[in-house]
Each structure stands twice: as C-alpha cells, then as structure tokens.
Amino acid sequence: MPILYRLGTALYHTAIRLAGAVGNPKAKEWVQGRKNAAPLPDHLRPERRKAGEKLLWVHCASLGEWEQGRPVVEALQAANPGWKTVLTFYSPSGYQRCKNSEIVDFVTYLPPDSPRNADQWQRELRPDLAVFVKYEFWYYHLEALFSYKVPTFLVAASFRADQRFFSKSGDWWRGVLQLFTGIITQTESDARLLMNRGGVPAEIVRVGGDPRMDRTLALAEAPFEDPLLAAFTAPAVTTIIAGSVWPDDLKALWLAWDKLPDTVRIILAPHELHKQELAQTQVQWSAKRYTQSQAEELTGARVLLLDTIGILSRAYRYGELAYVGGAFRTGLHNTLEPLAYGLPTVFGPKHQKFPEAAAAIAGGGAFSVTSGGELAVVLEELLDEENRARASKAQRALAGANAGAAARTAQLINNWDHD
C-alpha cells in the first residue's frame, strides 16, 4: 500500500503541474507558490534557535481549517509563552490569505509528501510539537514525525463511516491513524467511530469539541455597528440573513420568497461577487445594493444585496433567521456564525460532511430542505414567534455547550503523556 500511496501522490502532483502549465489558474498558483515560497528563516532552524526555545508546527489544508485550528494555536501559545510557530498549508488560498499572519512566526507550503521530502523537512525544522487540523493525513510526514518522536496531534478531527479508514480493505489507512500521538475529535460519535470501527486505541482518542465555536463566539460578542444594516432592519419585521449563497440557493430562496408575507425582509450575501451575477440578482429581486446605497434609501426596502466581503459573520446580529448556502451545490458553508447569535438556521441537503450541522438539526435549531417548496414551509413555520424562540433557544444551548473547545483541546495536548 505505501507504494500505491506514493504513486498516487506523485501522479496527483504531476496532474496539478500539467494543469498549471496549460493555464488552470488555481493549479498554476499551487505550482508557482511553492517555487516562490521563502525558505525557513535562519532563526527558526534548530541550530540557530536559542537554548530551550521550542517550536510548534501547525499544518492545515486551507483557510477554513486554519480558522478552525487558530483558536487552538492561540491557546497553546498562551500556555507556552516563547514558543515559535510555523504554519504550513496545502492550498494556495490558505497560504495567500495567511502568509503575513501575525499569529505565527512563519508561513509556507507543505512540502510534497514523499519519504525524502518528509525527512528533509523534519531535519530542517525539528519541531517539538506538531498539530494537524481536521482532515490532514499525509503518510510520509506523519511517519517522519513518528520516527523523530515528535508528539503529533490531530485536532478538531471529524470522521464519517464511509471514509477509507473504516472500510474492510482499510487496514493500511487505519495504521496511518495510529501514527498520531493523540486524536482530539469534535464529537463523541467521532470518537466512538474511531475506536469501534477504526480500531484506534482509546488511549489516543479524546473529545475536545469544535474550536471554531470559540472564534465565532468572540466575533459575535465583539462590538459592531453598521448604519446601513441598521437602517434596513430598523422596522419591526423579520429579517432573514442568507449567507454565502450560490445560484442554486438563490433559486430555492426565490421560490420560497413569493410565499412569504411582505413583512419579511432578506439580506442576500453571495458566496462569490461576480459582476454579472450581482446585476442579475439585483434586477430579479428588485434589491438595493449595500455598496451603492445610503441609509435613508433602505427604509422600506425588502431585499438588500450584501455585495461586499468581510462583514457577513457580524451581519448575522441584525437578523432573526438565517439561511446558509452551499448545501444545494458541493457542500455547506459556515453554520456556526448564525449559531453564535442564536439564529434558527436553514440549509440545503448536502450537509453530511459537517458534524456541526447534524448537531444543530438534532438539537432542533437547524433545518435541512431539499427544495424551494420545503424551504417555504420551514420559513413559514419559523415566522411563528414561539417556533422561532424554541429554535433560537436550541441554537444558544448548542453554542454554549461547544464554548471553550480551543482551551480544552490545548489543555489536552499540554497534559498528554508524550513519553
């Protein structure tokens, strides 16, 4: 199996390089980013570090995983002052957004996973602790960490029964899991799956929760005022915040919109700000555009198009209900942001890879729909104040139960028996 894994990884990297060579922008950025990445600074190399100075290596696939792992890193840094931190990414999007981060000492790309690269990286870096976030299982890097006896943890880990670790032919992959010193999962069901189906010893499995909740709650509690959003939501009406929506989500919302009373307002926040799609949405919905409006123009308007980035996570405080996009397409976007404000939340059918969505549905605060017709029914039910209050209470309870996950995770790592 290691031979097949190595061959598959090599072929995958070759395919990315070929795609970059023929003009695929993301593949090209992946290749060029690795060529142009700065070398590890001298002061972080083991031979140049000060006596007793330790180094933490954190690896994330992309930006989303970093947002999940960042609260854990900050908690580890607070508990271990003076430690240096190196952050690696697999994807260009994560690297580009975080390459100048003030949270860590150095950001670079993960070297391609091969025996030589992994060993060279270990000799170059010599970390005292390694933390991988959520989904990352690079065999040769994990084997090198194990070989060099570096305590290595997978945090915010999430698993599904259909993954290769739990198949009848998954013995090799189950062995990969045991290269970790500890696996700290988001939920109890993740932990049970690992132990019962994955054969992972109970002594290396713990439950820490979802660390994103801490960052999301912190954003929700931070002061924020927006005159435009305040003007739009000022009347005593119900406002739906539809965040990170794709065209498929807009189709479902449009079918539901016609069935909702005139007292309902909606803020549409597209996942991508394409000029043509924004113009089409503005016309179809008779929407006001956030970037083109004055506060006095929004009084009485029913639809606001949030054609900007960076404020959605805080805009949820202006709503009573939330719709989160992506689950009619490839996968659900962030449901923890509306959860932090106690908003009952609705989304499409493709949410199986997101344990936080399952927990919210089970708690009674979130609802999955498969069509615009179903969406209309759910939204109409949530317009009832008692139903909405009950769902909101469930969301706040879930947020409270998950608070402190980053500190718990960091404490588990710090108190682990690494010998």
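Residues numbered from 1 in each chain as written. Predicted model: local features only at pLDDT ≥ 70, side-chain atom pairs only at ≥ 80, totals over all residues. Heavy atoms only, no water.

K.L.:
Before we go on, may I ask you to explain the overall build of the protein chain in this structure?
P.N.:
Across its full length, the protein chain holds 19 helices and 14 strands. Against the compact-globule benchmark of 22 Å for 419 residues, the protein chain has a radius of gyration of 23 Å, which places it among compact chains. The C-alpha extent of the protein chain, read off along each of the three principal axes, is 65 × 45 × 45 Å. Burial analysis of the protein chain (419 residues in total) assigns 53% to the buried set. The contacts in the protein chain between residues at least 6 apart in sequence include a share of 67% that link residues at least 24 apart. Carbon together with sulfur atoms contributes 51% to the accessible area of the protein chain, which is approximately 19,400 Å² in total. Measuring between centres, the 46 positive side-chain charges of the protein chain sit 6 Å from its 45 negative side-chain charges. (Helix = DSSP H or I, 4+ residues; strand = E, 2+ residues; numbered from the N terminus. Rg over C-alpha atoms; globule rule 2.2 N^0.38 Å. Buried < 20%, exposed > 50% of the residue type's maximum accessible area, 1.4 Å probe, protein only. Contact = heavy atoms within 4.5 Å. Areas by Shrake-Rupley, 256 points an atom, 1.4 Å probe, with all protein chains shown as cover. Lys, Arg positive; Asp, Glu negative; His and termini not counted. Charge placed at Lys NZ, Arg CZ, Asp CG, Glu CD.)

K.L.:
Help me understand the packing of aromatic side chains, please; the structure alone is not making it clear to me.
P.N.:
The relative placement of two aromatic rings is captured by the distance of their centres and the angle of their planes. The full count for this structure, using the stated rule, is 18 aromatic pairs. With 6.3 Å between their ring centres and 80° between their planes, Phe132 and Phe180 make a pair best called edge-to-face. Remark: Phe180 occurs in the loop between helix H7 (171-177) and strand E6 (182-185) and Phe132 occurs in strand E4 (residues 129-133); sequence separation between them is 48 residues. Taken as a pair, Phe132 and Phe180 share a single burial class, namely buried. A centroid spacing of 5.7 Å and a plane angle of 50° characterise the contact between Trp257 and Trp285, whose relative ring orientation is tilted. (Phe/Tyr/Trp six-rings, centres within 6.5 Å; stacked < 30°, edge-to-face > 60°.)

K.L.:
For this particular structure, what's the right way to read the packing of helix H3 (residues 63-79) against helix H19 (residues 405-415)?
P.N.:
Two measures define how a pair of helices packs: the angle their axes make with one another and the distance between the axes. Contact pair H3 / H19: the axes reach a minimum separation of 8 Å and the direction vectors enclose 55°. The orientation of H3 with respect to H19, classified from their angle, is oblique. Our pair here, H3 against H19, has a crossing hand that is right-handed. From H3, Pro71, Val72, Ala75, Leu76 and Ala79 reach across to H19, where they touch Ala406, Ala407, Thr409, Ala410, Ile413 and Asn414. When its residues are assigned to classes, the contact of H3 with H19 shows nine nonpolar, two polar and no charged. (Axes fitted to C-alpha atoms, helices over the stretch in contact; angles between N-to-C directions. Parallel < 35°, antiparallel > 145°, perpendicular 65-115°, else oblique. Left-handed = near helix turned anticlockwise from the far one by under 90°. Nonpolar A, V, L, I, M, F, W, Y, C, P; charged D, E, K, R; others polar.)

K.L.:
Would you explain unusual backbone geometry in this entry?
P.N.:
What is expected of a backbone is that most residues other than glycine have negative phi and most peptide bonds are trans. Look at Arg126: it is not a glycine, yet its phi comes out positive at around 45°. In this fold, Arg126 is placed in the loop between helix H5 (115-125) and E4. Although it is not a glycine, Ser286 adopts a positive phi angle of roughly 50°. Relative to the helices and strands, Ser286 is located in the loop between helix H12 (275-285) and strand E10 (288-289).

K.L.:
Sorry if this is basic, but what is going on with the layout of surface pockets here?
P.N.:
Left-over empty space is what a probe sized like a water molecule reveals as it rolls over the atoms. In this model, the second largest pocket occupies a volume close to 420 Å³. Along the walls of the second largest pocket sit 19 residues, with Arg34, Tyr109, Leu110, Pro111 and Pro112 positioned nearest its centre. Elements with a contribution of two residues or more to the lining of the second largest pocket: helix H2 (25-36), strand E3 (106-109) and H5. (1 Å grid on protein atoms, 1.4 Å probe; cavity = no way out; pocket = protein on both sides within 12 Å on 5 of 7 lines; lining within 4 Å. Points joined across faces, edges and corners; volume = space filled by probe spheres on them.)

K.L.:
Sorry, what's going on with the environment of Leu217 here?
P.N.:
Along the chain, the position of Leu217 falls in helix H9 (residues 212-221). When its relative accessible area of 15% is taken as the criterion, Leu217 is described as buried. Along the primary structure Leu217 and Pro338 are separated by 121 residues, whereas in three dimensions their C-alpha atoms are 9.9 Å apart. For Leu217, the contacting residues outside a window of four places in its chain are Ala340, Ala399 and Ala403.

K.L.:
How do you make sense of the pattern of salt bridges when you look at a structure like this?
P.N.:
One side chain can pair with another of opposite charge once the charged atoms of both are near each other. Applying the stated criterion across every chain, the model contains twelve salt bridges. Where Arg174 meets Asp171, a salt bridge forms, and the shortest distance between an N and an O atom there is 2.4 Å. Highlighted residues: Arg174 and Asp171, both in helix H7, separated by three residues, approximately one helical turn. Arg174 sits in the buried class, given a relative accessible area of 13%. (Salt bridge = Lys/Arg side-chain N within 4 Å of Asp/Glu carboxyl O.)

K.L.:
Help me understand the sheet that holds strand E1 (residues 55-60) in this model?
P.N.:
Hydrogen bonds between backbone groups are what pair the strands of a sheet, and the pairing can be parallel or antiparallel. The strand order E3-E2-E1-E4-E5-E6-E7 describes an open sheet built from seven strands, whose pairing is parallel. At either margin of the open sheet sits one strand with a lone partner, and together these are E3 and strand E7 (205-207). Taken over all neighbouring pairs, the strand axes of this sheet differ in orientation by 20° on average, direction set aside. Pairing of strand E2 (residues 84-89) with E3, which is carried by four bridges, proceeds in the parallel orientation. Bridging across to E3, Thr88 finds its partner in Thr108. The strands touched by H5 are E1, E2 and E3; relative to E1, the strand with the most contacts, the crossing angle is about 145°. (Pairing = 2+ DSSP bridges.)

K.L.:
What am I meant to see in helix H1 (residues 2-21) here?
P.N.:
Each full turn of the α-helix corresponds to 3.6 residues, which orients residues three or four apart in the same direction. In this model H1 runs 28 Å from its N-terminal to its C-terminal C-alpha over 20 residues, within 8% of the 28 Å that 1.5 Å per residue would give. Within the span of H1, buried status applies to Tyr5, Thr9, His13, Ile16 and Gly20. Buried residues in H1, looked at end-on, bunch into an arc of 65°, giving them a common side. Facing away from the buried side of H1 by over 90 degrees, the exposed positions are Ile3, Leu4, Leu11, Leu18 and Ala21. (Expected span 1.5 Å × (residues − 1). Arc of directions from axis to C-beta.)

K.L.:
Where do I start with the packing of helix H11 (residues 247-257) against helix H17 (residues 372-382) in this structure?
P.N.:
Across the interface, H11 lies against H17 with an axial gap of 8 Å and an inter-helix angle of 55°. With respect to H17, the axis of H11 lies oblique. In terms of crossing hand, the pair formed by H11 and H17 is right-handed. Taking contact as the criterion, the partners of Ala252, Leu253, Leu255 and Ala256 in H11 are, on H17, Gly372, Leu375, Ala376 and Leu379. The residue inventory of the contact of H11 with H17, partitioned by class, reads seven nonpolar, one polar and no charged.

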